[in-house]
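# A closer look at the structure
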Amino acid sequence: AQSVTQLDSHVSVSEGTPVLLRCNYSSSYSPSLFWYVQHPNKGLQLLLKYTSAATLVKGINGFEAEFKKSETSFHLTKPSAHMSDAAEYFCVVSDSNYQLIWGAGTKLIIKP
Amino acid sequence: NAGVTQTPKFQVLKTGQSMTLQCAQDMNHEYMSWYRQDPGMGLRLIHYSVGAGITDQGEVPNGYNVSRSTTEDFPLRLLSAAPSQTSVYFCASSFHQGRGYTFGSGTRLTVV
């Protein structure tokens with residue numbers, strides 16, 4: 001069965017410094033992977049998705065993620081954090097029936 | 001283009017009451033789904049539909065009913081509300097399972 005583990009429940013960085021949100025997955029086949037962002041009291045927005053094309057995926061707002069099959073990871077990065085990036089981020093894998101399996105989320109805190 | 005519209009945004013129910021959460025999309029998406037989001041957990045799939053007249057259960061279907069009489073609408077019915085159903089509910093749609101999903105803004109439900 002597919003599963004997703006987000007390794008940090010909270011990540012705190014200073015504005016202007018790099019962001020790294022870690023995600024590991026398990027899947028018995030080549031999965032589709034997604035990152036979603038949820039701002040406080042708002043809905044969910046798709047940041048980026050990997051669907052077996054290029055392993056480095058660029059998303060919106062300067063975020064990108066790299067699919068590493070050997071490490072079963074799909075970490076989300078951004079070179080320079082902005083205050084508006086403060087939100088909760090979810091790593092998601094699509095299972096063999098195309099259902100979405102969600103990680104528990106990582107809260108990103110940006111310090112001024 | 002409204003995307004995915006959920007109503008109501010907030011609702012308080014008494015234990016045992018029934019109600020329907022509404023979800024409508026105007027993107028001609030075939031795939032629609034309902035999730036619940038609880039603190040410290042990722043989203044969990046309640047029910048989904050791959051097209052008008054077709055529905056199926058997700059991970060946590062008990063206590064909920066759905067129907068899909070049109071492509072646009074996918075209401076979620078709580079048959080007899082219980083405090084364990086206190087949650088935030090999200091409706092999502094997509095052209096196809098496994099593609100990027102568009103989410104509604106959510107319904108915050110409290111059962112007392």
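Residues numbered from 1 in each chain as written. Chains lettered and ligands numbered in written order. Predicted model: local features only at pLDDT ≥ 70, side-chain atom pairs only at ≥ 80, totals over all residues. Heavy atoms only, no water.

Secondary structure summary: chain A contains 0 helices and 12 strands in total. The C-alpha atoms of chain A give a radius of gyration of 13 Å, which matches the 13 Å a tight globule of 112 residues would have. Along the longest, intermediate and shortest principal axes, the C-alpha atoms of chain A span 40 × 25 × 20 Å. Within the span of chain A, comprising 112 residues, buried residues form 44% of the whole. Nonlocal contacts in chain A, meaning residues at least 24 apart in sequence, comprise 55% of its contacts between residues at least 6 apart. Of the roughly 5400 Å² of accessible surface on chain A, a fraction of 52% belongs to carbon and sulfur atoms. (Helix = DSSP H or I, 4+ residues; strand = E, 2+ residues; numbered from the N terminus. Rg over C-alpha atoms; globule rule 2.2 N^0.38 Å. Buried < 20%, exposed > 50% of the residue type's maximum accessible area, 1.4 Å probe, protein only. Contact = heavy atoms within 4.5 Å. Areas by Shrake-Rupley, 256 points an atom, 1.4 Å probe, with all protein chains shown as cover.)

Once that is clear, we can look at the layout of surface pockets. Quantified by volume, the largest pocket comes out at close to 630 Å³. If you go around the largest pocket, you meet 29 residues; those closest to its centre are Gln 38 and Asn 41 of chain A together with Gln 37, Val 88 and Arg 108 of chain B. Within the lining of the largest pocket, the residues separate by chemical class into 10 nonpolar, 13 polar and 6 charged. Roughly 230 Å³ of internal volume is contained in the second largest pocket. Lining the second largest pocket are 14 residues, with Ile 101 of chain A together with Leu 43, Arg 44, Leu 45 and Glu 59 of chain B sitting closest to its centre. (1 Å grid on protein atoms, 1.4 Å probe; cavity = no way out; pocket = protein on both sides within 12 Å on 5 of 7 lines; lining within 4 Å. Points joined across faces, edges and corners; volume = space filled by probe spheres on them. Nonpolar A, V, L, I, M, F, W, Y, C, P; charged D, E, K, R; others polar.)

All told, the structure shown has 15 aromatic pairs over all chains when counted by the stated rule. Here the aromatic cluster, defined as three or more aromatic residues joined through ring pairs, consists of Phe 34, Tyr 36, Phe 90 and Trp 102 of chain A together with Tyr 35, Phe 90 and Phe 103 of chain B. Cation over ring: Arg 68 of chain B sits above Phe 74 of chain B, and NZ or CZ is 5.9 Å from the ring centre. (Phe/Tyr/Trp six-rings, centres within 6.5 Å; stacked < 30°, edge-to-face > 60°. Lys NZ or Arg CZ within 6 Å of the ring centre and 35° of its normal.)

Another aspect to go through is the side chain of His 29 of chain B. For His 29 of chain B, the position within the fold is in the loop between β3 (19-25) and β4 (31-37). Taking the relative accessible area as the measure of exposure, His 29 of chain B reaches 5% and is therefore buried.

Bringing the interface of chain A and chain B into the picture now. Listed per partner, the contact involves 19 residues of chain A and 20 residues of chain B. Taken together, chain A and chain B are joined by 0 salt bridges. Here chain A and chain B share 2 residue pairs in polar contact (both at pLDDT 80 or more) between them. For the side of chain A that touches chain B, the elements supplying multiple residues, two or more each, are β5 (32-38), β6 (44-50), β10 (87-94) and β11 (100-102) of chain A. At 4 residues, the largest contribution of residues to the side of chain A that touches chain B is made by β5 of chain A. Taken together, the residues that form the side of chain A that touches chain B break down as 9 nonpolar, 8 polar and 2 charged. (Salt bridge = Lys/Arg side-chain N within 4 Å of Asp/Glu carboxyl O. Polar contact = N/O pair within 3.5 Å; in protein donor to acceptor, adjacent residues only side chain to side chain.)

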